[in-house]
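# Inside the fold
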Amino acid sequence: MRINTNAASLNAQESATNTNNNLRSSLEKLSSGLRINKASDDASGLAIADKLRTQASSIGQSISNGNSATALTQIADKAMAEQSNILDIVKQKLIQAATATTSQEGRTAIAKDISKLLTQLDNIASQTNYNGISLLQASAAGKGTSSKLDFQMGESSGNLISLGSGIQANTSGLDGMFTLVSKTSAAAASGFAAESARAIMKNVDSALNQLNGWRSDVGSTQNQLESALRNMMTQQTNIKAAESVIRDVDYASESANFNKQNIIAQAGTYAMSQANAVQQNVLKLLQ
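Throughout what follows, the structure given in this document is the object of discussion. Bear in mind that the values here come from a model prediction, so they are computed numbers and not experimental data. (Residues numbered from 1 in each chain as written. Predicted model: local features only at pLDDT ≥ 70, side-chain atom pairs only at ≥ 80, totals over all residues. Heavy atoms only, no water.)

This paragraph deals with empty space enclosed by the protein. Inspection of the entire model under this criterion finds 1 cavity of 30 Å³ or more. Approximately 60 Å³ is the volume attributed to the largest cavity. When the residues that make up the lining of the largest cavity are grouped by side-chain class, the tally is 6 nonpolar, 4 polar and no charged. (1 Å grid on protein atoms, 1.4 Å probe; cavity = no way out; pocket = protein on both sides within 12 Å on 5 of 7 lines; lining within 4 Å. Points joined across faces, edges and corners; volume = space filled by probe spheres on them. Nonpolar A, V, L, I, M, F, W, Y, C, P; charged D, E, K, R; others polar.)

This part is about the pattern of salt bridges. Within the structure shown, the criterion is met by 10 salt bridges. The salt bridge partner of Arg 247 is Glu 243, with a shortest N-O separation of 2.9 Å. Here the residue Arg 247 and the residue Glu 243 both occupy positions in helix α6 (residues 201–247), the gap between them amounting to 4 residues, near one helical turn. Via salt bridges that share partners, Asp 50, Arg 53, Glu 243 and Arg 247 belong to a single interconnected network. (Salt bridge = Lys/Arg side-chain N within 4 Å of Asp/Glu carboxyl O. Helix = DSSP H or I, 4+ residues; strand = E, 2+ residues; numbered from the N terminus.)

Before going further, it helps to spend a moment on the packing of helix α2 (residues 43–98) against helix α3 (residues 104–127). Between two packed helices, both the angle of their axes relative to each other and the distance between the axes serve to describe the pair. The contact between α2 and α3 brings their axes to 10 Å, and the two run at 170°. The angle between α2 and α3 falls in the class roughly antiparallel. In this structure, the crossing between α2 and α3 has a hand that is left-handed. Across the interface between the two elements, Ala 79, Glu 82, Gln 83, Ile 86, Leu 87, Ile 89, Val 90, Lys 93, Leu 94, Gln 96 and Ala 97 from α2 touch Arg 107, Ile 110, Asp 113, Ile 114, Leu 117, Leu 118, Gln 120, Leu 121, Ile 124 and Ala 125 from α3. When its residues are assigned to classes, the contact of α2 with α3 shows 14 nonpolar, 3 polar and 4 charged. (Axes fitted to C-alpha atoms, helices over the stretch in contact; angles between N-to-C directions. Parallel < 35°, antiparallel > 145°, perpendicular 65-115°, else oblique. Left-handed = near helix turned anticlockwise from the far one by under 90°. Contact = heavy atoms within 4.5 Å.)

Turning our attention to the environment of Ser 146. Along the polypeptide, Ser 146 turns up in the loop between β2 (133–134) and β3 (149–152). For the pair Ser 146 and Ile 133, spaced 13 residues apart in sequence, the C-alpha separation works out to 9.5 Å. Those residues in contact with Ser 146 that sit more than four places away from it in its chain are Leu 135, Gln 137, Ala 138, Ser 165, Gly 166 and Ile 167.

Okay, the nonpolar core next. Core analysis: the largest hydrophobic core is formed by 54 residues, its most contacted members being Leu 87, Val 90, Leu 94 and Leu 136. Secondary-structure elements contributing two or more residues to this core are α2, α3, β3, β4 (160–163), α4 (177–190) and α6. Per-element accounting of this core gives the leading share, 17 residues, to α2. Every residue in contact with Leu 136, bar those within four places of it in the chain, is listed here: Ala 76, Ala 79, Met 80, Gln 83, Ile 124, Ala 125, Thr 128, Ile 167, Gln 168 and Ala 169. (Core = buried A, V, L, I, M, F, W, Y, C linked by side-chain atoms within 4.5 Å. Buried < 20%, exposed > 50% of the residue type's maximum accessible area, 1.4 Å probe, protein only.)

Below you can see the structure in the form of structure tokens.
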């Protein structure tokens, strides 16, 4: 029997240390809700979970982009819908001016009214924007065609949905509207003949067809965006679920493990006390 080195106590201490480490790890998992709190918990699992988290957050930003893009297309569509209403009214007034029951004074008043309506059509084109981005023409002051808009709708550079360029929903860009402005402006001052009203009806029809074509492009882009949004929301849900399987702790399993480690720790403490007590038997040999 030896007293300088209590091997039994050392073995018990080593086991108790390992058990306490396991107990602390289990408590950390239960308190954080995560199975992986540091790389040493599961190095490969951490790498996979982090990649999934990045993918989910990227898709989340793409969803935000898509909602903004949908709002943009809705603004453009509603603005062109109002322009379409204006052209409907212009066509109605031209028909009124073209009939013999309308007096010359009435036609002159109609020409003034049409001129004001077309001015408002231009105002809508110059004022319609999203976050300062002009949607119906080149810019607030520039009456040229709108620029192409690319919406980032995914985590890679190629995941784009585009709204094509070429919208010029003003009197300079709509077929025949510039001519209509000139004629009605002159007619408002010098008189508006029924023949003149009939001659420019086709200009309004042509402008309406062109405007409807642009609205169709905007509408199809919005449908594409909404479809992409639904798909990305499904992807994000499934990716987050996959990350959860790897990263999050299973409370039922970890609670059972904690209780087991706690019991082992208590037993280890008792074992150390008994190992120390056994050494006291040496005193009996010295008496």
